[in-house]
Each structure stands twice: as C-alpha cells, then as structure tokens.
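The chain contents come next:
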Amino acid sequence: MAFGSRAGHFDDEPLVARTYALPELPWETIAGRLEPITISILRFDARLEASGLSAGWQSRCDMTEAVRALLLDGHLVDVGDLVLHDAGMDVRHPTHELTRAAAALRARRTTLARKAPWPLSIDGLAALRGIGPVAEDKPTRSKCKRPDPEDEEAYPAYAHDADPWKAHFAEIDALLERTGKVLAGETLIPKSRSHLVYDPDQDEAEAEDLWLDVVKRTSGWPAIAAAAVAWNAWLDLNLYTRLPWLGLIMAAAILRARGLTNHLLPLAAGFKQSKFRPQGREGAAEKLEGFCQVLEEALAIAHKDLDRLILARELMSRVTAKTRSNSKLPELVELFLSRPLVTVPLGAKLLKVTPKAIDLMLAQLGGALPRELTGRTRYRAWGIV
C-alpha cells in the first residue's frame, strides 16, 4: 500500500524543464566598460558605410575569417587555396581542412544573406550547419495592384475553402498524433548518426533549445553583454563540437541583430589576437571582460584593413580615371578590393577576358599595383596587405 502511494506521489510530480542559468553581472561596474565599445562599433559601421567599401571589406573579411577560424581549431589553411576553391579553380584536390574552411565561409555568407533574426532560430542553425535548406526572403506583394481573380497563386492557400482553418487544424491534429506515437514508443526515432563521430550521450536538440532560450532571455540586455553570454553558453553547452567556429559567428550575428552593425565583425581574428582563452573557471565578469577584449582587437583589425583598402583604392583610382569607358580595369580594381589575393587565371575567369588582357591591365596599373605575394614565376598572385 505504501509502495503504491509512493509511486503515485512520483507520478504526480511535475516535470521541470532544464534551463541554462544566466550569470549575475555587476551592472554598475560593467556599464562604463560596455558603452565605449558600443560607440566604437557604431563608429566603425558608419565609417565603413561612408567609405563605399562595405561589400569588398565584408567579402575579404569572410574569407580571412574562415581561415582564422580553422587556425583556432589547430588546422592551417592557405587563404589562396580558399579563394581559388571558392571560384571553382582548385589547383589540387581539396583537403579536409579546406572543405571545412569553405563551410565556415558559406556559413558567414548565409548569415549575411538573410535578415538579422533568422540565424538565431532553429531553422537558421540547421541551415548554417548544412543540414537544412536556406529559404530566400520572399518579396512582399505590391498593395496597389489587385490580384487577378483567375490566378490561383495570387491568393493564399485555402482562401476559397468554406472553412479556411479546417486544413490548418487537420495538419496540427496529424502532428499531435505523430508526437503521441513517438512518446508512447510506437514509432522509433531514426538514429542515422555514427557513434564513432558523434557523442551518443549528448543531446544536440536539447542544447539547441537551451541556447536559443538564452538568446531569448537576454534580448533585453545590452547587445555586447547578450552576445558575450550567448557565446559563453555556446561553449558551456558544447554545441556542435565539429563546428567550433560557429559560436563566434553567432555572437557576431547577435550584434548585427541588435542593430549595432550591419556586418559581421572579425571575431575569430580578434580572439586569435587577444590574450583571453576561456578555461571554464572564470567568473561572469571575467568572461565578459574577455569578450570585450576580443571585440576591441577585432575592431582594431577591421580598421586597419579598411585603411589599407581606402589607400589602395585611392592609388588605383588615379590610373582608372584615365581609362576608356569600356575598359575592364575598374572591374579588376574591384576584384582586388574584394579578394585577399588575385591571380591571372582567377581574374581572367571572373572578368571573362583572356589571361593576356589581365597581364596588360596589371602592367597598366604600374606603381599602383598591389603587392605581389608569391614571388614565383609559374604562380603569381597579388593582394592588398
């Protein structure tokens, strides 16, 4: 009798969902630390937009960040190989490290291609990992033009039904029925992942939900503090051990979603340059200070790269100002401003001209030509460094 009552007592206990405990930050102390960094991010973003080099700077930043992200994981990837691989001009068979760098580059471009809140969702995480589709933003329909009554696609689904909600409720009922079968053990959840690669004891779905809950609960915090807590939660939850670079991209995406910048800052470069290395023993204030150091180093690197681009554009624009209107030289200059390095075959393919034409344009640049990076006769490359 006692055993039955004890069992019934356990059955009546509610299940408590697991949550990630947010750190208690000393706001009176850190407020003065967050303000100047926030102003610095806003000033850099305004300077980048005013320079007219935002697209080229972001393209270069994405490629160099992909290389630095793999370097933080202990893998060395040549940025020249990544540039050629991105253009489909591999000079050798792509290595495993180069493929991972290309995945990091694709993740950054995917994050920028969609509106700010999308990467911070379950669909966004699936797409950035490469296991979900990247849905495009659908253009809004013009309000001034009335839809054609004969055009079925001009109306939403089930618009002509007697009960438009009937089909939606049917889909919800079917979903609830499938969920009930899974919980009852009637339907086995497929497990196709190898235990040699993934940790069977780690529930990635639960970790994703916990991290997204952290992002939601810190939505009212200052942007830098929210990004720092989200990055630390990413490390604590050990999300996606095979994609260690994605955490810094998510931190940059949070800064972008909160309106501090319209770009993705080079946080991997800032982390590599800074002295902060999380060990798991730091307090909440120390982790926030470490993230602030990463941001300061990233902004310093971003400013230096923008200075180089502005100077190089000014020097090369003096030559392009004297060219004919149908010259391809201005397009070659834009190629230099958007790639870490440029080779003759790469320029010939992207500009759709002959390699001889690229050689003539390089000679035409003269002293304004960017620095040669290789110094070899068979493989020559130039870049703004």
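Residues numbered from 1 in each chain as written. Predicted model: local features only at pLDDT ≥ 70, side-chain atom pairs only at ≥ 80, totals over all residues. Heavy atoms only, no water.

Engineer: Any chance you could explain the overall build of the protein here in plain terms?
Structural biologist: Of the regular secondary structure elements, the protein holds 15 helices and 3 strands. Buried positions account for 40% of the 385 residues belonging to the protein. Within the protein, contacts between residues separated by at least 24 positions form 68% of all contacts whose residues are at least 6 apart in sequence. With an accessible surface of roughly 23100 Å², the protein has 55% of that area assigned to carbon and sulfur atoms. (Helix = DSSP H or I, 4+ residues; strand = E, 2+ residues; numbered from the N terminus. Buried < 20%, exposed > 50% of the residue type's maximum accessible area, 1.4 Å probe, protein only. Contact = heavy atoms within 4.5 Å. Areas by Shrake-Rupley, 256 points an atom, 1.4 Å probe, with all protein chains shown as cover.)

Engineer: What should I look at first to understand the pattern of salt bridges in this one?
Structural biologist: Note that side chains of opposite charge can pair when their charged atoms are close. Enumeration over the complete set of coordinates arrives at 16 salt bridges. Note that aspartate 307 is salt-bridged to arginine 47, the shortest N-O span being 2.2 Å. In this pair, aspartate 307 sits in helix α12 (residues 284-320) while arginine 47 sits in helix α2 (residues 27-51), placing the two residues 260 residues apart along the sequence. Residue classification places aspartate 307 among the partly exposed residues on the basis of a relative accessible area of 39%. According to the relative accessible area criterion, arginine 47 is partly exposed, its value standing at 28%. Note that glutamate 331 is salt-bridged to lysine 328, the shortest N-O span being 3.7 Å. Residue lysine 328 is classed as partly exposed on the basis of its relative accessible area of 31%. Among the ionic contacts, a cluster of salt bridges with common partners joins Arg33, Glu289 and Glu296. (Salt bridge = Lys/Arg side-chain N within 4 Å of Asp/Glu carboxyl O.)

Engineer: Help me out: how do you make sense of helix α8 (residues 204-217) in this one?
Structural biologist: The first and last C-alpha atoms of α8 sit 20 Å apart over 14 residues, in line with the 20 Å expected at 1.5 Å per residue. Taken as a whole, α8 has its buried residues at Glu204, Ala207, Glu208, Leu210, Trp211, Leu212, Val214 and Val215. Tucked into the core, α8 has its buried residues touching α6 (122-129), α9 (223-237) and α10 (246-257). (Expected span 1.5 Å × (residues − 1).)

Engineer: Looking at this structure, I do not really get helix α14 (residues 344-351). What am I missing?
Structural biologist: Spacing of three or four residues puts side chains on the same side of an α-helix, whose turn is 3.6 residues. Taken residue by residue, α14 has Val344, Leu346, Gly347, Ala348 and Leu351 as its buried positions. The inward-facing, buried residues of α14 contact α4 (79-86), α13 (329-338), β1 (342-343), α15 (355-365) and β3 (381-383). One side-chain oxygen of the residue at the start of α14 lies 3.2 Å from the amide nitrogen of leucine 346, identifying that residue as threonine 343. Lysine 352 lies just past α14 and shows a positive phi near 60 degrees. (Polar contact = N/O pair within 3.5 Å; in protein donor to acceptor, adjacent residues only side chain to side chain.)

Engineer: Help me understand the sheet that holds β3, please; the structure alone is not making it clear to me.
Structural biologist: Strand pairing in a sheet relies on backbone hydrogen bonds, with the paired strands running either antiparallel or parallel. Pairing within the open sheet is antiparallel, and its 3 strands lie in the order β1-β3-β2. Pairing within the sheet leaves two strands with one partner each, and these edge strands are β1 and β2 (371-372). (Pairing = 2+ DSSP bridges.)

Engineer: Sorry, what's going on with the confidence of the model for the protein here?
Structural biologist: Parts of the model with low pLDDT should not have their predicted coordinates read in detail. When pLDDT is averaged across the protein, the result is 82; 79% of the residues are at 70 or more. Across residues 1-11, where pLDDT falls below 50, the model places 0 contacts with residues more than four positions away in sequence or in other chains. Counting interchain partners and residues more than four positions distant, the pLDDT-below-50 stretch residues 138-144 has 2 contacts. (pLDDT = per-residue confidence, 0-100.)

Engineer: I keep staring at the nonpolar core and nothing clicks. Help me out?
Structural biologist: The nonpolar side chains of a soluble globular protein tend to be buried, and buried together. The biggest cluster of nonpolar side chains holds 101 residues, and the ones touching the most others in it are Trp211, Ile224 and Leu267. Ranked by the residues each element gives to this core, the list is headed by α12, at 13 residues. Setting aside its immediate chain neighbours within four residues, isoleucine 224 contacts Leu34, Ile37, Thr38, Ile41, Leu255, Leu260, Leu288, Phe291, Cys292 and Leu295. (Core = buried A, V, L, I, M, F, W, Y, C linked by side-chain atoms within 4.5 Å.)

Engineer: What exactly am I supposed to notice about the environment of glycine 383 here?
Structural biologist: With respect to the helices and strands, the residue glycine 383 is situated in strand β3. Those residues within four positions of glycine 383 in sequence are excluded, and the remaining contacts are Pro340, Leu341, Pro370, Arg371 and Leu373.

Engineer: Explain the packing of aromatic side chains to me, please; I cannot follow it from the model alone.
Structural biologist: Following the criterion strictly, the structure yields 7 aromatic pairs and no others. Summarising the aromatic geometry, the rings of tryptophan 27 and tryptophan 221 are spaced 5.2 Å apart at their centres and angled 90 degrees between planes, so their arrangement reads as edge-to-face. Highlighted residues: tryptophan 27 in helix α2 and tryptophan 221 in the loop between α8 and α9, separated in sequence by 194 residues. Residue tryptophan 221 is classed as buried on the basis of its relative accessible area, which comes to 17%. Through a chain of ring-to-ring contacts, the aromatic side chains of Trp231, Phe271, Phe276 and Phe291 assemble into a single cluster. We note arginine 114 situated over the ring of tryptophan 118; from NZ or CZ to the ring centre the distance is 4.7 Å. Between the NZ or CZ atom of arginine 277 and the centre of the ring of phenylalanine 271, over which it lies, the distance is 4.4 Å. (Phe/Tyr/Trp six-rings, centres within 6.5 Å; stacked < 30°, edge-to-face > 60°. Lys NZ or Arg CZ within 6 Å of the ring centre and 35° of its normal.)

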